[in-house]
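Architecture at a glance
Okay, here's what each chain looks like letter by letter:
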Amino acid sequence: KSAARLFAVLVFLNCEDDLRRMGPHGTSKLLEAMSKFRRDEELQLLACNVFVKLVEDEENGKFLGEDDGIRSLLQCLKFDNESLAASSAEILLKILKTNFIASNYFMEIEDSVETVVLCMMAHTQSAPVQHFTCSLLATLASLHDDFVKGLIASGGGLNAIQNAMTNHKKNPTVTASACGALGTIMSGVHPTLIVGQSHAMFTRIMAVMQNHKGDSEVNGAAVLVLSEICDRDPTFRELIGDMHGIPKIIDAMTQHLENEDVQLNGISLIWKVSSYPLNKSRLGRGGAKAVINGMLFHINSSLIQQEAMTALKNLATDSAGQQNIVELGGVAAIVSSIWCNINSKTVLCGAFSALNNMAINGETKEVAVADQGELPPICFGMKRYPLDQDVQKCAVFLLKTYTFAPSNIEMMQFQEHLPSLLTSAARNFPHDCEERADYILSRI
């Protein structure tokens, strides 16, 4: 214990050279002492105070990430000592973030996840404990398959994390890590594990977004949770609208336009909730504007563009949605996105589908005039990916729609490469493209 205290003094004095010389040999001696005197709380705390510093060294970090180190640190989580629990959780988090093999050792220990959850339940009022344990569960969930996510959820992890959000609702660090953990874990959780919890989760998330309006990290994580719940509980898409959640989502996207996570998760959430008919009118002009602004601000993010195309496609299924998108510059935004993301076939297919939905007025059945530069990027996309079935199919489908407006036929006649592109699509993909391509050729 005296030796451990001396090491702790070296850490306090920031004697990095002495600590580095100590190396794994000193680490192994400390671990040996922790194992031998596992009930001595003071010794465990002294050792963890040293390891918090030593874990930053690559060689020592690897040593601590072996089976003995993981077991000793997990044992520390069982003490009724907040400082010890926080220190050991912090060390485990640092190890797992830099050493994937260590996460395998962690999961091989029978009650490892249960130990973390019980630690959270034992120290509900300790912000450091809740922050590090939430982050620890999130890291485990991101490193492993859905089995581990289900194990965390079924083992009380979701409840423990939600309690952390409630008990520390004013603490941005805890709420951000808690929301991040929920989103990561739920991405692989079976829907049956969250049945009956959606309403409570929604209430907590709304409170988090209200309390931390100006924190982009918190809002990005919070919107991710809502999006993941939508994936697992279809009724939640209706609930978000009925419980007045849509304005708060739009507000978060508007206030944190520069944050990629907020925009990605927010746009994804908009297209999911827009699948419920009543929500289209609730989203209205504000929802369309949020999507368009997000895609333009992050024009080079193919992930955001993919989500945005799906959102605009859904919002354009009624005439009011189409009008909002057109008036807000949505068509021009899609054209710009195609040019900026020409290397993403997924973005191109999504863009062509969105343009197709915007081309046909749901009430009058009239076809819009493609006078905002739509045709050149469509032709360029077909030329760029002649052997991609999805690109060709979506492009030909859109071009056929455009032919039902005489003005479009005239503009298509000026696209000199279009006939050969249509012929190629018909030849390469006769089942999906030949009939439509022949029809277009007959009209132009």
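Parameters at a glance
- Residues numbered from 1 in each chain as written.
- Predicted model: local features only at pLDDT ≥ 70, side-chain atom pairs only at ≥ 80, totals over all residues.
- Heavy atoms only, no water.
- Helix = DSSP H or I, 4+ residues; strand = E, 2+ residues; numbered from the N terminus.
- Buried < 20%, exposed > 50% of the residue type's maximum accessible area, 1.4 Å probe, protein only.
- Contact = heavy atoms within 4.5 Å.
- Lys, Arg positive; Asp, Glu negative; His and termini not counted.
- Charge placed at Lys NZ, Arg CZ, Asp CG, Glu CD.
- Patch = residues over 30% accessible without salt bridge, like charges linked within 9 Å, V, L, I, M, F, W, Y side chains within 5 Å.
- Areas by Shrake-Rupley, 256 points an atom, 1.4 Å probe, with all protein chains shown as cover.
- Salt bridge = Lys/Arg side-chain N within 4 Å of Asp/Glu carboxyl O.
- Phe/Tyr/Trp six-rings, centres within 6.5 Å; stacked < 30°, edge-to-face > 60°.
- Lys NZ or Arg CZ within 6 Å of the ring centre and 35° of its normal.
- pLDDT = per-residue confidence, 0-100.
- Disulfide = S-S within 2.5 Å.
- Expected span 1.5 Å × (residues − 1).
- Axes fitted to C-alpha atoms, helices over the stretch in contact; angles between N-to-C directions.
- Parallel < 35°, antiparallel > 145°, perpendicular 65-115°, else oblique.
- Left-handed = near helix turned anticlockwise from the far one by under 90°.
- Nonpolar A, V, L, I, M, F, W, Y, C, P; charged D, E, K, R; others polar.

A count of helices and strands for the chain gives 27 helices and 0 strands. In the chain, which comprises 444 residues, the share counted as buried stands at 53%. Within the chain, contacts between residues separated by at least 24 positions form 73% of all contacts whose residues are at least 6 apart in sequence. Across the chain, the 37 positively charged side chains and the 49 negatively charged ones have centroids separated by 1 Å.

A contiguous nonpolar patch, built from L6, V9, F12 and L13 and spanning about 450 Å² of accessible area, is present on the exposed surface. Relative to the assigned elements, F12 resides in helix α1 (residues 2-12). Among the residues examined, F12 registers a relative accessible area of 71% and is labelled exposed.

This paragraph deals with the pattern of salt bridges. Overall, the coordinates contain 16 salt bridges when judged by the stated rule. Where D242 meets R282, a salt bridge forms, and the shortest distance between an N and an O atom there is 2.8 Å. In this pair, D242 sits in helix α15 (residues 235-242) while R282 sits in helix α18 (residues 277-297), placing the two residues 40 residues apart along the sequence. A residue is classified by how much of its surface remains accessible, and R282, at 33% relative accessible area, is partly exposed. Here the salt bridges share partners, and the residues they tie into one network are K1, R5, D40 and E42.

Right, let's get into the packing of aromatic side chains. Counted under the stated rule, the structure contains 3 aromatic pairs. On the numbers, 5.9 Å between centres and 75 degrees between planes, the contact of F202 with F236 is edge-to-face. Of the two residues, F202 is situated in helix α13 (residues 198-211) and F236 in helix α15; the sequence distance between them amounts to 34 residues. Pair check on accessibility: F202 and F236 agree, each one buried. Geometry around Y439 places K400 over its ring, the cationic atom sitting 5.2 Å from the centre.

This part is about the confidence of the model for the chain. Caution applies to low-pLDDT regions: their predicted coordinates should not be interpreted in detail. In this model, the chain carries an average pLDDT of 93, and 100% of its residues clear a pLDDT of 70 or more. The spread of mean pLDDT over the elements of the chain runs between α1, the lowest at 82, and helix α24 (residues 389-402), the highest at 98.

The next thing to look at is the environment of S353. Along the chain, the position of S353 falls in helix α22 (residues 345-359). Beyond its immediate chain neighbours, meaning those up to four positions away, S353 contacts K313 and C394.

Moving on, we get to the environment of S28. Along the chain, the position of S28 falls in helix α2 (residues 16-36). Residue S28 is classed as partly exposed on the basis of its relative accessible area, which comes to 24%. Residues S28 and N167 lie 139 residues apart in sequence; the distance between their C-alpha atoms is 38 Å.

This paragraph deals with the side chain of T401. Here T401 lies in helix α24. Overall, the relative accessible area of 8% leaves T401 in the buried class. Beyond its immediate stretch of four places on either side in the chain, T401 contacts N356, A359, I360 and V367.

Under the criterion given, the structure shown has 0 disulfides. C76 carries a free sulfur, and the closest cysteine sulfur to it, the one in C48, is 3.8 Å from it. Residue class for C76 comes out buried when judged on its relative accessible area of 0%. C349 supplies the cysteine sulfur nearest to C340, a cysteine that is in no disulfide, at a spacing of 18 Å. By relative accessible area, C340 is classed as partly exposed at 42%.

The subject of this paragraph is unusual backbone geometry. Positive phi, normally seen in glycine, also occurs at H244, with a value near 60 degrees. The phi dihedral of K365 falls on the positive side, at around 65 degrees, and the residue is not glycine. Look at K365 and you get exposed, because its relative accessible area is 59%.

Attention shifts here to α22. Here α22 spans 21 Å end to end across 15 residues, near enough to the 21 Å set by a 1.5 Å rise per residue. Those residues of α22 that fall on the buried side of the exposure criterion are V347, L348, C349, A351, F352, A354, L355, N356, M358 and A359. For α22, the secondary structure elements touched by its buried residues are α19 (302-315), α20 (319-327), α21 (330-340), α23 (375-384) and α24.

The next thing to look at is helix α26 (residues 418-428). Of all the positions in α26, only L418, L421, L422, S424, A425 and A426 are classed as buried. Buried residues in α26 make contact with α23, α24, α25 (406-412) and α27 (430-443).

What follows deals with the packing of α23 against α24. Two elements in contact, α23 and α24, have axes separated by 9 Å at closest approach and are oriented at 150 degrees. With respect to α24, the element α23 is oriented roughly antiparallel. When you trace α23 past α24, the crossing you get is left-handed. Residues L375, I378, G381 and M382 of α23 pack against V391, Q392, A395, V396, L398, L399 and Y402 of α24. Residue composition of the contact of α23 with α24, by class: 9 nonpolar, 2 polar and no charged.

Relative to the helices and strands, F63 is located in helix α4 (residues 58-64). Exposure remark for F63: the relative accessible area of 25% places this residue in the partly exposed category. Along the backbone, F63 and H25 are 38 residues apart, and their C-alpha atoms lie at a distance of 9.5 Å. If we ignore the near neighbours within four places in the chain, the residues touching F63 are P24, T27, S28 and L31.

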